[in-house]
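Next come the chains, spelled out residue by residue.
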Amino acid sequence: MYRYDEFDHQVVRERVAEFSDQVARRLSGDLSEEQFRPLRLMNGVYLQLHAYMLRVAVPYGELTSGKMRRLAHIARVYDRGYGHFTTRQNIQFNWPKLSDIPAILRELAEVEMHAIQTSGNCIRNVTTDAFAGVAADEIEDPRPWAEVLRQWSTFHPEFTYLPRKFKIAISGGAQDRAATFFHDIGIRLVRAESGDVGFQIIVGGGMGRTPRVGRVLNGFVAKSEILSYLEAILRVYNLHGRRDNKYKARIKILVDALTLEGFRAEVDAEWDRIRGSVVEVPAEEVERIGAYFADPDWQALADNPPELAAARSRSAAFNGWVSANVMAHRVPGYAAVTVSLKPVGGIPGDATADQMDALADFADRYSLGALRVSKEQNIVLPFVRQDQLYALWQALVAEGLATANKGLISDIIACPGLDYCALANARSIPLAQMISERFSDIARQHDIGEVTLNISGCINACGHHHVGNIGILGVDKRGEESYQLVLGGDATQTAAIGDIAGPGFTAEGVVDAIETVIGVYLAQRQTGEPFIDTYRRIGLTPFKEAINAAR
Amino acid sequence: MSRQIVSANRLTDGLVVFRTAAGTWTERAEDARVYSVEEAEIEVAAASREGTVVVGVYAVDLEEQGSAPSRLRERIRATGPTVAYGPAAVISPRRAAGA
Ligand code: HEM
Ligand code: SF4
């Protein structure tokens, strides 16, 4: 885990002091709402449907037990006893008082947390794979680079007022678990034939009303040149990105306008100009930062210890949980555990203060104090010994946190929708609850197997509906909620934007349609074929026909 | 003839409030004064000057019959999230597991 140095502490302290003063001036009337709004947005404070919302950054999703306890404390003391973990690996509090926000930010700063880069047209909080540093398929740990990017982008004077928000994701796995093809810039660690590790740079991906799969701008950028290359991209965007129309302001629109080749030519020209002059991170600095993410002292353990095998054959429920929620670790005898925040009938991504405290305790007891927030809105315990999995599972069961549905149909990703969001057309949460109730039978979910299901309450696509294997978009149909069903999206390296299977569903109608879609899949799948592969093989038509026949 | 109520968010805590006949603000939509469209326009302009009390003052259309806002968004805004949340919504361990 990265620890603040004196400079980081000071930057955050100064920001808290500055914003506290701005809040005081707003409350006294010295600042008008027009003057204050951009200032509060720069500090993660939104005004939602019912109240203010505070978005707290969890840089690249990494938490310690101490930070998690502080989040629990804030939820309990300053909010209504819960928080919402988001697809951008952050946490949102839904009910903070403006007058309490300075105190909240002070409490966060004490544990090296803040709300910087969670809003506004800057480079947002960088996201990565929740299994960084532990995944067996990893080329290299992306977290040191995520931290380098954090330091580079925080308050970058040139890139604080971009045409629009700017999101960067970095992934180190052969499997892309960070949706790098759906960010303004996606970065993947790759190994060249020479054996050197560098970066593949993907640009212009995104969701919202103009979904785009990002495209490879450069197949290999050396580590020693990454910052100048990124600066070149951002400079071209900052200069040529549209500022007249916020719907056309993202980098994806610029890449469309210039074509990939045209955009690349601009970037290369700028890169040639600044290459060597931009301050790159020196190798020693990367090494220093890397040391914060050094391996813990692993014990020499073997995979599949007898205790684990025995417990798996004793308890079917435990066995089901292990097969869904426990991921292979690169170190023998260890496991990475996903704690599902998607109980049957629950609110995807929500956790109560008590649950956060419990998770912090479990992290201390079973995961060397470490936790991660995943973009699937779950919590990952990255360093669990396999011979302690059963004990951890029992502890999770007691807290209602042992839902064995990771990657299954009820592991639903959903935005807050019309229950909270001022921009929403339709509710997301009740729909997620209905779907998880409909598919509550865990054995049936395991039989259906891997499928992603994403819900957004409007076209901004915060719930990633464009890239769900099954996606649902809420639309406003003359003042009534209506839902559109999308199929075949894929957020991984086999990236795809879903196809529209049908508009105009009611909430009940969309749940029935999903049932129909799953029925077609089960009838058509070949042995071992997950939903997305069947979809690719047979196409949209059979699904669409079945949905229409059932309507 | 459409009728409206006047709403805003309270500056200090952001909560949704409604204009009363006494010119104060209440959290209960039922206690809001009902205006004609013309009256509401005047009231919105007046209330918007209370910049240290509220933000985002606007008029909300009511249903033809009854006193609820006509749009779903405004009904949810007036009554809160339609789902139980936080500690009140904790799912029992058994149900959570889908057992
Ligand atoms: C509740 C207040 C929120 C507001 C006002 C908001 C606003 C927006 C807007 C306007 C966009 C579209 C940007 C564009 O197309 O240029 C967007 C995209 C997005 N938001 Fe949100 N959002 C909110 C909550 C969330 C939450 C809760 C999450 C995570 C669960 C989230 C994650 C994202 C992601 C991943 C995208 C799509 C990626 C992109 O194109 O930028 N947002 N949001
Ligand atoms: S997708 Fe729309 S409804 Fe959902 S959180 Fe984003 S802006 Fe709000």
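Above this note sits the structure.
Residues numbered from 1 in each chain as written. Chains lettered and ligands numbered in written order. Predicted model: local features only at pLDDT ≥ 70, side-chain atom pairs only at ≥ 80, totals over all residues. Heavy atoms only, no water.

Here we look at the coordination of the iron atom of ligand 1
Just one protein atom donates to the iron atom of ligand 1; it is Cys462(A) (SG), sitting 2.2 Å from the metal. Mapped onto the elements, Cys462(A) comes out in the loop between β17 (453–456) and β18 (470–477). (Donors = N, O, S within 2.8 Å, 3.2 Å for Na, K, Ca; no water. Helix = DSSP H or I, 4+ residues; strand = E, 2+ residues; numbered from the N terminus.)

Notes on the interface of chain A and chain B
Residue-level contacts link 42 residues of chain A with 31 residues of chain B. Run the count over chain A and chain B and you get zero salt bridges. Taken together, the links from chain A to chain B amount to eight residue pairs in polar contact (both at pLDDT 80 or more). Among the secondary structure elements, those contributing two or more residues to the side of chain A that touches chain B are α1 (6–28), α12 (389–398) and α13 (429–438) of chain A. Per element, the largest residue contribution to the side of chain A that touches chain B is four residues, and it comes from α13(A). Of the residues assigned to the side of chain A that touches chain B, the class counts are 20 nonpolar, 14 polar and eight charged. (Contact = heavy atoms within 4.5 Å. Salt bridge = Lys/Arg side-chain N within 4 Å of Asp/Glu carboxyl O. Polar contact = N/O pair within 3.5 Å; in protein donor to acceptor, adjacent residues only side chain to side chain. Nonpolar A, V, L, I, M, F, W, Y, C, P; charged D, E, K, R; others polar.)

Details of the sheet that holds strand β9 (residues 197–203) of chain A
Residue and element names in this part refer to chain A. Reading across the sheet, the five strands line up as β6-β7-β8-β9-β10 and stay open at both edges, with mixed pairing between neighbours. In the strand order of this sheet, the two ends are held by β6 (127–128) and β10 (215–221), each with one partner. The pairing of strand β7 (residues 168–171) with strand β8 (residues 185–191) spans four bridges and is parallel. What sits directly across from Ser171, in β8, is Arg188. Strands β7, β8 and β9 of the sheet are contacted by helix α5 (residues 143–153), whose axis makes an angle of about 160° with β7. (Pairing = 2+ DSSP bridges. Axes fitted to C-alpha atoms, helices over the stretch in contact; angles between N-to-C directions.)

Examining the site of ligand 1
Residue and element names in this part refer to chain A. In the region of ligand 1, 20 residues are neighbours, and Thr87, Lys167, Arg250, Cys462 and His464 sit closest. Here an oxygen atom of ligand 1 and a backbone polar atom of Met207 are 3.4 Å apart. With respect to ligand 1, the side chain of Arg250 contributes an N or O atom lying 2.8 Å from an oxygen atom. Partitioning the shell around ligand 1 into residue classes produces six nonpolar, eight polar and six charged. (Near = heavy atom within 4 Å.)

Side note on the side chain of Ser428(A)
Examined against the element boundaries, Ser428(A) turns out to sit in the loop between β16 (413–414) and α13. Of the polar contacts made by the side chain of Ser428(A), one reaches the backbone nitrogen of Gly457(A); its length is 3.3 Å.

Quick notes on the site of ligand 2
Taken together, Cys415(A), Pro416(A), Gly417(A), Cys421(A), Leu423(A), Ala424(A), Ser456(A), Gly457(A), Cys458(A), Asn460(A), Ala461(A) and Cys462(A) make up all the residues around ligand 2. Classifying every residue of the shell around ligand 2 by side-chain character gives eight nonpolar, four polar and no charged.

Some remarks on the packing of aromatic side chains
All names here are of chain A. Tallied over the full model, the rule gives 19 aromatic pairs over all chains. Measuring from ring centre to ring centre gives 5.4 Å for Phe166 and Tyr237, while their planes differ by 45°; the resulting arrangement is tilted. Here the residue Phe166 occupies a position in the loop between α5 and β7, and Tyr237 occupies one in helix α6 (residues 226–240), the gap between them amounting to 71 residues. The same class applies to Phe166 and to Tyr237, which are both buried. The residue whose ring lies beneath Arg80 is Trp95, and the NZ or CZ to ring-centre distance is 3.7 Å. Against the face of Tyr247 rests Arg209, its NZ or CZ located 4.0 Å from the ring centre. (Phe/Tyr/Trp six-rings, centres within 6.5 Å; stacked < 30°, edge-to-face > 60°. Buried < 20%, exposed > 50% of the residue type's maximum accessible area, 1.4 Å probe, protein only. Lys NZ or Arg CZ within 6 Å of the ring centre and 35° of its normal.)

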